[in-house]
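Per-entry structural report
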Amino acid sequence: MAVNKDTLEGNFDQAVGKGEEFIGNAVGDTQTQVDGSIRDLKGKAQEAYGKARDVYGKASETVKEWADHAPEQVREAREKAARAAEEASSKVRHTVQEQPLATLAGGIALGFVVGWLINSRK
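All figures in this text were calculated on a predicted structure; none of them were measured in a lab.

As for the overall build of the chain
Helix and strand counts for the chain stand at three helices and zero strands. Reading the chain from its N end, one meets helices and strands in the order α-α-α. Taken against the 2.2 N^0.38 rule, which gives 14 Å for 122 residues, the C-alpha radius of gyration of the chain at 36 Å runs more than 25% over that of a compact globule. Based on the C-alpha atoms only, the size of the chain along its principal axes is roughly 105 × 40 × 20 Å. Considering the chain as a whole, with its 122 residues, one finds that 13% of them fall into the buried category. Once local pairs closer than 6 in sequence are excluded, the contacts in the chain between residues at least 24 apart make up 59%. About 9700 Å² of surface is accessible on the chain, with carbon and sulfur atoms providing 63% of the total.

So this is what it looks like as structure tokens:
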């Protein structure tokens, strides 16, 4: 994971701020303590901003990769659907050729069922 400038500067400010707090506490200088606390908080905010930039960059790269692969995935899905449709068509054609009377009887039965369903709703 690459560390960006904001993360590094944030870590540096945190370290310096904690040092200032420590020195201010050791010598009893309240202003130095407060300045150290402020610098420490500033460093934490800058580090958080740097981490957020990293996350945004990674998310952006991922979305770009998905977008780059989308046309290929669509093509593959289209080819898979075409193969499935061709297989189904072939199976139906084979069944009709091998068992024409059974297919005709099934079609007639289906017609009666559909007609019965339509008439029963009226």
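What to know about the environment of arginine 39
For arginine 39, the location among the structural elements is in helix H2 (residues 30-98). Residue arginine 39 is classed as partly exposed on the basis of its relative accessible area, which comes to 29%. Separated by 62 residues in the primary sequence, arginine 39 and leucine 101 place their C-alpha atoms 89 Å from one another. Non-local contacts of arginine 39, meaning those with residues more than four positions away in its chain, are made with Phe12, Asp13, Gln14, Val16, Gly17 and Glu20. In terms of polar contacts, arginine 39 uses its side chain to reach the side chain of aspartate 13, at 3.1 Å.

Concerning the environment of lysine 64
Turning to its location among the elements, lysine 64 is positioned in helix H2. A residue is classified by how much of its surface remains accessible, and lysine 64, at 54% relative accessible area, is exposed. C-alpha separation for the pair lysine 64 and alanine 15, spaced 49 residues apart in sequence, amounts to 37 Å.

What about the pattern of salt bridges?
Tallied over the full model, the rule gives eight salt bridges. Between aspartate 13 and lysine 42 there is a salt bridge whose closest N-O contact spans 2.8 Å. In this pair, aspartate 13 sits in helix H1 (residues 5-27) while lysine 42 sits in helix H2, placing the two residues 29 residues apart along the sequence. For glutamate 20, the salt bridge identified is with arginine 39, shortest N-O distance 3.7 Å. One end of the pair, glutamate 20, is in helix H1; the other, arginine 39, is in helix H2, and 19 residues separate them in sequence. Residues joined in a network through salt bridges with shared partners are Asp13, Glu20, Arg39 and Lys42.

About the cut-offs
Residues numbered from 1 in each chain as written. Predicted model: local features only at pLDDT ≥ 70, side-chain atom pairs only at ≥ 80, totals over all residues. Heavy atoms only, no water. Helix = DSSP H or I, 4+ residues; strand = E, 2+ residues; numbered from the N terminus. Rg over C-alpha atoms; globule rule 2.2 N^0.38 Å. Buried < 20%, exposed > 50% of the residue type's maximum accessible area, 1.4 Å probe, protein only. Contact = heavy atoms within 4.5 Å. Areas by Shrake-Rupley, 256 points an atom, 1.4 Å probe, with all protein chains shown as cover. Polar contact = N/O pair within 3.5 Å; in protein donor to acceptor, adjacent residues only side chain to side chain. Salt bridge = Lys/Arg side-chain N within 4 Å of Asp/Glu carboxyl O.

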